[in-house]
Amino acid sequence: MTVTKMSWRPQYRSSKFRNVYGKVANREHCFDGIPITKNVHDNHFCAVNARFLAIVTESAGGGSFLVIPLEQTGRIEPNYPKVCGHQGNVLDIKWNPFIDNIIASCSEDTSVRIWEIPEGGLKRNMTEALLELHGHSRRVGLVEWHPTTNNILFSAGYDYKVLIWNLDVGEPVKMIDCHTDVILCMSFNTDGSLLTTTCKDKKLRVIEPRSGRVLQEANCKNHRVNRVVFLGNMKRLLTTGVSRWNTRQIALWDQEDLSMPLIEEEIDGLSGLLFPFYDADTHMLYLAGKGDGNIRYYEISTEKPYLSYLMEFRSPAPQKGLGVMPKHGLDVSACEVFRFYKLVTLKGLIEPISMIVPRRVSGAGLGSGRGACIAS
């Protein structure tokens, strides 16, 4: 008699990130008393690096933002010095990925400005920028640093143009003018050779920034795209948007063929924008809803089903935006793989949320758990 062995397969994809969990910092490690901007522009209004946290604030006349050294947690005094040189509301801020104390800001006053933050942070209000960049004819909604070339900055304005600035000369060296409406989001691939954009004209584009040529274009009628992110070197894009039934939706695309999404997945019926964040080291995708307190996370793979749901971090406090700590600022000894800085407008609070990978402890009978962080 022959015995046929049956192979049993679990329903989930086995993943070492299956048990990643979010850990909120203690209150004394949060930043409190911050007059976070009430602007409804769909940006994060927050930028963070290994040394400083920057937050766009409410201000009467002109626009301003705070820059706080990371170790200076707790309550921030109302008269804490600000960066306040813009004549209109600040709409976006981004730290230079190569120089820790250089930050770019853009504003409703049509300018882009580059600021140099002194060692140890601000001692008085800063009104003089290192550089003032004028080239847009309407307000500027987005700034993005080139990921591999120092001193190259991209800005997107409500004049439907993307300007590429060489900060060594303080001039725009290229203008990309293929958009027919307001640009909602910009994202680079890993080496910065490709730029993808979403636009109010309902089109998703992959652009070669050096030439300004549109390599791929998708007309997203069924999936109204809001945000887009390159998925590292996978040659994939992920967009978040709204389906024809007004539900929140994500779609995965092949960057070399935007004729059809590889997959579309409905998330929920809430109305807030979904912000996508991708971690190329762990292949994890985080989805955070504006106006709700949840952060869902998935694992991305090149094989079907491409997208595997892992878990959800839940919180009752709604987020206005989220800053993300660069990898070199994480505490790897605590098995931290990602860190958000969550803006809670109602409380004037910035709350760090660490994503932790629990590690199984080596040795018989020691088991595993959230407290166990020794790599096996």
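Residues numbered from 1 in each chain as written. Predicted model: local features only at pLDDT ≥ 70, side-chain atom pairs only at ≥ 80, totals over all residues. Heavy atoms only, no water.

Let's talk about the confidence of the model for the protein
Just so we agree on the cut-off: By definition, pLDDT measures how confident the predictor is in each residue, and it falls between 0 and 100. Note on contacts: a residue pair is in contact if any heavy atoms of the two residues lie within 4.5 Å.
Scored by pLDDT, the protein has a mean of 89; 92% of the residues are at 70 or more. The low-confidence segment residues 1–12 (pLDDT under 50) makes 1 contact with residues lying over four places distant or belonging to another chain. A low-confidence stretch, residues 362–376 stays under pLDDT 50, and its non-local contacts, those more than four residues away or across chains, total 24 contacts.

Quick look at the sheet that holds strand 19 (residues 213–219)
What counts here: In short, DSSP must find at least two bridges between two strands for them to pair. Working definition: helices are DSSP H or I runs of at least four residues, strands are E runs of at least two. Numbering for both runs from the N terminus. Comment: axis = line fitted to C-alpha atoms, over the contacting stretch for helices; angle = value between 0 and 180 degrees taken between N-to-C directions.
Read across the open sheet, the 4 strands follow the order 16-17-18-19; overall the sheet is antiparallel. Each edge of the sheet is formed by a strand with only one pairing partner; in this case those strands are strand 16 (183–188) and strand 19. In this sheet, neighbouring strand axes are inclined to one another by 20 degrees on average, regardless of whether the strands run parallel or antiparallel. Pairing between strand 17 (residues 195–199) and strand 18 (residues 203–208): 4 bridges, direction antiparallel. What sits directly across from T198, in strand 18, is L204.

Regarding the side chain of Q249
Tracing the sequence through the fold places Q249 in strand 22 (residues 248–254). Ignoring sequence-local partners within four residues, the contact set of Q249 consists of N222, H223, T239, T240, G241, V242, S243, E264, E265, E266 and I267.

Quick word on the environment of D32
Condition: Within 3.5 Å is the distance limit for a polar contact, defined as a pair of N or O atoms, with the added protein rule that one can donate a hydrogen and the other accept it, and that residues adjacent in sequence qualify only through two side-chain atoms.
Position of D32 among the secondary structure elements: in strand 2 (residues 31–32). The spacing of D32 and V344 is 312 residues in sequence and 9.8 Å in space, taken between C-alpha atoms. Discounting residues that sit within four places of it in the chain, D32 has contacts with R27, G74, R75, I76, K347, G348 and L349. A polar contact of 3.1 Å, which involves the side chain of D32, links it to the side chain of R27.

A short note on the environment of I36
Along the chain, I36 falls in the loop between strand 2 and strand 3 (46–48). Residues I36 and T247, spaced 211 residues apart in sequence, show a C-alpha to C-alpha distance of 28 Å. Ignoring anything within four residues of it in the chain, the contact list for I36 reads I55, V56, T57, E58, K320, L343, V344, T345, G348, L349 and I350.

Overview of the pairing of strand 10 (residues 111–116)
As a reminder, the rule being used: A 1.4 Å probe rolled over the protein chains alone gives each residue an accessible area, and that area as a share of the maximum for its type sets the label: buried under 20%, exposed over 50%, partly exposed in between.
Of all 6 residues that make up strand 10, 5 are buried, and the element is covered over most of its length. In this structure, strand 9 (residues 102–107) lies alongside strand 10, joined through 5 bridges in antiparallel fashion. Each bridged residue has a counterpart across the sheet, and for I103 the counterpart in strand 10 is W115. Summarising the sheet, strand 10 and strand 11 (residues 131–134) pair through 4 bridges and their orientation is antiparallel. When the bridges of strand 11 are listed, R113 appears paired with E132.

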